Amino acid sequence: MESITLNNGLKMPQLGFGVWQVPDEEATPAVKKALEAGYRSIDTAMIYKNEVGVGKALKESGVPREELFITTKVWNSDHGYDNALKAFDASLDRLGLDYVDLYLVHWPTPKFDQYIDTYKALEKIYQDGRAKAIGVCNFDIEHLERLLSECEVVPVVNQVERHPYFQQQKLHDYCKKHNIVLEAYSPLMNGKDVLNDQTIKAIAEKYRKTPAQVILRWHLQTGVIAIPKSVTPSRIEENFHVFDFELTAEDMEKIAALDKNLRIGAVPNEFHMR
Ligand code: NDP
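We now turn to the structure provided with this report. (Residues numbered from 1 in each chain as written. Predicted model: local features only at pLDDT ≥ 70, side-chain atom pairs only at ≥ 80, totals over all residues. Heavy atoms only, no water.)

**Concerning the pattern of salt bridges**
Reasoning step 1: As enumerated under the stated definition, the model contains 14 salt bridges in all.
Reasoning step 2: In this structure, Lys254 and Asp251 form a salt bridge, with 3.9 Å as the shortest nitrogen-oxygen distance. A residue pair is termed a helical-turn pair when its members lie 3 or 4 positions apart in one helix, as Lys254 and Asp251 do in helix H10 (residues 249-256) at three residues.
Reasoning step 3: The exposure class assigned to Lys254 is partly exposed, which follows from its relative accessible area of 37%.
Reasoning step 4: Given a relative accessible area of 1%, Asp251 falls into the buried group. (Salt bridge = Lys/Arg side-chain N within 4 Å of Asp/Glu carboxyl O. Helix = DSSP H or I, 4+ residues; strand = E, 2+ residues; numbered from the N terminus. Buried < 20%, exposed > 50% of the residue type's maximum accessible area, 1.4 Å probe, protein only.)

Printed below as a string of structure tokens:
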């Protein structure tokens with residue numbers, strides 16, 4: 001497993017395991033399978049309603065806590081300083097942990113204009129040592145600019161939608177400049193079109209790998225963190241076996257050329273679900 005050193009010195013596995021849309025009872029076997037396969041980084045969130053199932057898997061797996069890298073997120077309805085502190089306590093409780101490795105603001109919800117106060121609560125949690133690192137999700141450049149000018153702790157990551165059809169190059173460049181690692185969610189486009197892309201398929205055949213493995217390898221070689229989700233044991237294994245081959249510069253360029261600016265998720269400035 002390759003790791004990325006975050007801007008506060010903490011090491012984070014470059015490949016993690018996501019559990020969005022996994023019900024609590026399915027989360028336990030899925031996370032246990034992922035830990036058996038070798039993943040150590042697990043990405044959950046309060047709104048996924050599976051922190052209990054994830055926590056159960058962590059406990060039952062017997063993997064020492066210090067080897068794990070656990071991320072969870074503060075949901076939109078818990079924005080504001082005091083609310084975020086309370087939401088964090090509740091997440092820790094559900095996970096059965098006394099700290100998380102990474103705590104993230106899930107969406108900026110700019111209409112409610114509370115993400116600065118929310119992030120300040122995360123700074124407090126970080127300063128108290130209850131999150132080893134803090135960061136954000138779904139922040140566009142304008143939200144990051146405001147955060148960097150009004151807060152003290154530079155987020156370690158910005159977790160955003162990213163796959164070959166939606167590469168977010170401008171945001172990636174901005175993050176690199178500010179020492180924020182881009183973390184790719186829906187790295188396989190949530191299992192949609194890109195897995196059937198002809199260019200990806202041709203590259204996969206050449207390396208005797210699957211399209212998913214080629215896409216994940218591309219993410220890793222562009223320096224981002226990727227957190228694919230699967231509840232299928234064979235795919236959980238498949239997605240982990242991406243450290244035994246390397247794409248050539250030419251193949252990387254072919255994948256770069258696939259960008260269609262095609263977003264499948266919500267637009268950060270327009271998403272205000274609570
Ligand atoms: P992914 O891009 O990881 O794709 C998951 C889908 O692809 C599932 O339907 C899965 O099916 C399928 N799949 C997985 N592996 C393979 C494979 N090898 N071959 C074929 N199909 C495959 O989607 P997500 O949207 O779940 O993103 C990953 C994670 O990112 C989430 O789980 C979550 O942790 C995070 N996330 C964060 C967001 C945020 O706002 N911060 C928003 C969205 C996601 P199956 O499970 O049936 O095997």
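This is not the end of the story, as more comes after the structure.
**So, helix H5 (residues 141-150)**
Each full turn of the α-helix corresponds to 3.6 residues, which orients residues three or four apart in the same direction.
Reasoning step 1: Within H5, the full set of buried residues consists of His143, Leu144 and Leu147. Seen from one end, H5 has its buried residues packed into an arc of 95°, which puts them on one side.
Reasoning step 2: As for H5, its buried residues are in contact with helix H4 (115-127), strand S7 (131-137), strand S8 (157-161) and helix H6 (169-177). (Arc of directions from axis to C-beta. Contact = heavy atoms within 4.5 Å.)

**Thoughts on helix H9 (residues 233-240)**
Reasoning step 1: Along H9, the residues that are buried comprise Ile236, Asn239 and Phe240. Looking straight down H9, one finds that the buried residues subtend no more than 100° of arc, so they occupy a single side.
Reasoning step 2: Summarising the contacts, the buried residues of H9 are in contact with strand S3 (17-18), helix H1 (24-37) and helix H8 (211-221).

**Side note on the state of the cysteines**
Reasoning step 1: Per the counting criterion, the structure on display carries zero disulfides.
Reasoning step 2: Cys137 carries a free sulfur, and the closest cysteine sulfur to it, the one in Cys175, is 12 Å from it.
Reasoning step 3: Assessed through its relative accessible area of 0%, Cys175 is described here as buried. (Disulfide = S-S within 2.5 Å.)

**Quick notes on the site of the ligand**
Reasoning step 1: Around the ligand, the surrounding shell holds 29 residues, and the nearest of these are Asp43, Ser186, Leu188, Ser230 and Thr232.
Reasoning step 2: The side chain of Asn138 places a nitrogen or oxygen atom 2.9 Å from an oxygen atom of the ligand.
Reasoning step 3: Here the ligand is seated within the largest pocket.
Reasoning step 4: Among the elements that take part in the shell around the ligand, H9 stands out by supplying three residues, more than any other.
Reasoning step 5: Taken together, the residues of the shell around the ligand break down into 14 nonpolar, ten polar and five charged. (Near = heavy atom within 4 Å. Polar contact = N/O pair within 3.5 Å; in protein donor to acceptor, adjacent residues only side chain to side chain. 1 Å grid on protein atoms, 1.4 Å probe; cavity = no way out; pocket = protein on both sides within 12 Å on 5 of 7 lines; lining within 4 Å. Sits in = over half its atoms within 2 Å of the grid points. Nonpolar A, V, L, I, M, F, W, Y, C, P; charged D, E, K, R; others polar.)

**Side note on the sheet that holds strand S6 (residues 100-105)**
Reasoning step 1: Spatial ordering of the open sheet is given by S3-S4-S5-S6-S7-S8-S9-S10, a layout of eight strands whose pairing is parallel. The open sheet has two edge strands, S3 and strand S10 (225-226), and neither has a second partner.
Reasoning step 2: In the sheet, S8 pairs with strand S9 (residues 181-185) via five bridges, with the strands oriented parallel. From the neighbouring strand, Asn158 faces S9, where its bridge partner is Leu182. (Pairing = 2+ DSSP bridges.)

**Quick look at the pairing of S9**
Reasoning step 1: Within S9, five of the five residues are buried, leaving the element largely enclosed by the surrounding structure.
Reasoning step 2: Neither face of S9 is open: one carries Val181, Glu183 and Tyr185, the other Leu182 and Ala184, and all of them are buried.
Reasoning step 3: In the sheet, S9 pairs with S10 via two bridges, with the strands oriented parallel. Opposite Ala184, over in S10, you have Ala226 as the bridge partner.

**Focus: the nonpolar core**
Reasoning step 1: Ranked by size, the top nonpolar core spans 75 residues in total, and within it Phe17, Val31, Leu58, Tyr103, Tyr119 and Leu247 carry the most contacts.
Reasoning step 2: In contact with Val31, other than residues within four places in its own chain, are Phe17, Val19, Ile42, Val54, Ala57 and Leu58.
Reasoning step 3: Counting residues in each nonpolar core, the second largest holds twelve residues, with Leu6, Met12, Leu104 and Val156 among its members. (Core = buried A, V, L, I, M, F, W, Y, C linked by side-chain atoms within 4.5 Å.)

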